[in-house]
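Chain by chain, the residues:
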Amino acid sequence: DQQVKQNSPSLSVQEGRISILNCDYTNSMFDYFLWYKKYPAEGPTFLISISSIKDKNEDGRFTVFLNKSAKHLSLHIVPSQPGDSAVYFCAARGMSGAGNMLTFGGGTRLMVKP
Amino acid sequence: DGGITQSPKYLFRKEGQNVTLSCEQNLNHDAMYWYRQDPGQGLRLIYYSQIVNDFQKGDIAEGYSVSREKKESFPLTVTSAQKNPTAFYLCATNRGGYTDTQYFGPGTRLTVL
């Protein structure tokens, strides 16, 4: 029973355009969300996070939007660059289990074409 | 040079053998975690430790064991009881606060032949 889902396993975008990666969750106890970027054979690197008290957080080219009523978050990358090509994981944290435990989605592979 | 070290990068073992994966950190972080990633899948939590000499099972702890005798080290043993041990194993740490980001090591690819 996946509590965090990334329904698109892959996404292809042209360089310079917007990339939108989506994530849905089912557990209403989740109140903190993170996005990680991962290259093959490397550990994930933290990108951006958002608390449930906000609906938007922006950091340079990366913006995360949270819709609590829909239990949905999205990561926008504008403009997309070839170096953004990687697998992106969303993760959620909540008080339902151990306080700092993250639940990860299955990942979305982003390919940015030059 | 601060960071999280996982060694070796690639590890091969014969079926039926136990193998221990190393995770060392010099970030002075209290909490440490072990995840497993399978092809096309997300990260699944194996074990975590929020303080020295204490650790808890994650979602898929069966066939694995850990120890946390030092703050800097959190080794993971993959035992012969783990039915599908071939995977990419990731260690992570954070300071332990609720909103603290987890930082990941480079990972170890374990292949059981």
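This section reports on the structure supplied with the text. (Residues numbered from 1 in each chain as written. Chains lettered and ligands numbered in written order. Predicted model: local features only at pLDDT ≥ 70, side-chain atom pairs only at ≥ 80, totals over all residues. Heavy atoms only, no water.)

Here's the deal with unusual backbone geometry
Peptide bonds are, in most cases, trans, and in most cases residues other than glycine have a negative phi. In this structure, the amide linkage connecting Val-78 of chain A to the following residue, Pro-79 of chain A, adopts the cis form with an omega of -10 degrees. Structurally, the position occupied by Pro-79 of chain A is in the loop between strand E8 (72-77) and strand E9 (86-94). Looking along the chain, the bond that leaves Ser-7 of chain B and enters Pro-8 of chain B is cis, with omega of -10 degrees. Its place among the elements puts Pro-8 of chain B in the loop between strand E1 (4-7) and strand E2 (10-13). Phi at Ala-41 of chain A is positive, roughly 60 degrees, even though this residue is not glycine. (Helix = DSSP H or I, 4+ residues; strand = E, 2+ residues; numbered from the N terminus.)

A short note on the nonpolar core
Ranked by size, the top nonpolar core spans 23 residues in total, and within it Phe-33, Trp-35, Leu-73, Leu-75 and Tyr-88 of chain A carry the most contacts. Sorting the residues of this core by element identifies strand E3 (19-25), strand E4 (30-38), strand E5 (45-51), strand E7 (62-67), E8, E9 and strand E11 (108-113) of chain A as the ones contributing at least two each. A per-element tally of this core places E9 of chain A first, with 4 residues. Ignoring sequence-local partners within four residues, the contact set of Leu-73 of chain A consists of Leu-21, Asn-22, Cys-23, Tyr-25, Phe-33, Trp-35, Val-64, Phe-65 and Leu-66 of chain A. Trp-34, Val-66, Leu-76 and Cys-91 of chain B belong to the second-largest nonpolar core, a separate cluster that totals 20 residues. (Core = buried A, V, L, I, M, F, W, Y, C linked by side-chain atoms within 4.5 Å. Buried < 20%, exposed > 50% of the residue type's maximum accessible area, 1.4 Å probe, protein only. Contact = heavy atoms within 4.5 Å.)

As for the state of the cysteines
Tallied over the full model, the rule gives 2 disulfides over all chains. Sulfur-sulfur distance for the disulfide between Cys-23 of chain A and Cys-90 of chain A comes to 1.9 Å. Where Cys-23 of chain A bonds to Cys-90 of chain A through sulfur, the torsion about that S-S bond is close to 60 degrees, and the disulfide is right-handed. Here Cys-23 of chain A, found in strand E3, pairs with Cys-90 of chain A, found in strand E9; they are 67 residues apart in sequence, far enough to count as distant. Between Cys-23 of chain B and Cys-91 of chain B runs a disulfide, and the two sulfur atoms are separated by 1.9 Å. Judged by the sign of its S-S torsion, about -70 degrees, the bond between Cys-23 of chain B and Cys-91 of chain B is left-handed. (Disulfide = S-S within 2.5 Å.)

Here's the deal with the interface of chain B and chain A
Counting residues at the interface gives 25 residues for chain B, matched by 21 residues for chain A. Carbon and sulfur atoms supply 57% of the area buried between chain B and chain A, which totals about 1,800 Å² over both sides. Among the residues chain B hides against chain A, the three largest losses belong to Leu-43, Tyr-98 and Phe-104 of chain B. Together they make up 33% of the total. If you look at where chain B meets chain A, you find 0 salt bridges. Broken down by secondary-structure element, the contributors of at least two residues to the side of chain B that touches chain A are strand E4 (31-37), strand E5 (43-51) and strand E9 (87-94) of chain B. Per-element tally for the side of chain B that touches chain A: the top contributor is E5 of chain B, with 4 residues. Looking at the side of chain B that touches chain A, its residues break down into 11 nonpolar, 12 polar and 2 charged. (Buried area = accessible area lost by both parts, 1.4 Å probe. Salt bridge = Lys/Arg side-chain N within 4 Å of Asp/Glu carboxyl O. Nonpolar A, V, L, I, M, F, W, Y, C, P; charged D, E, K, R; others polar.)

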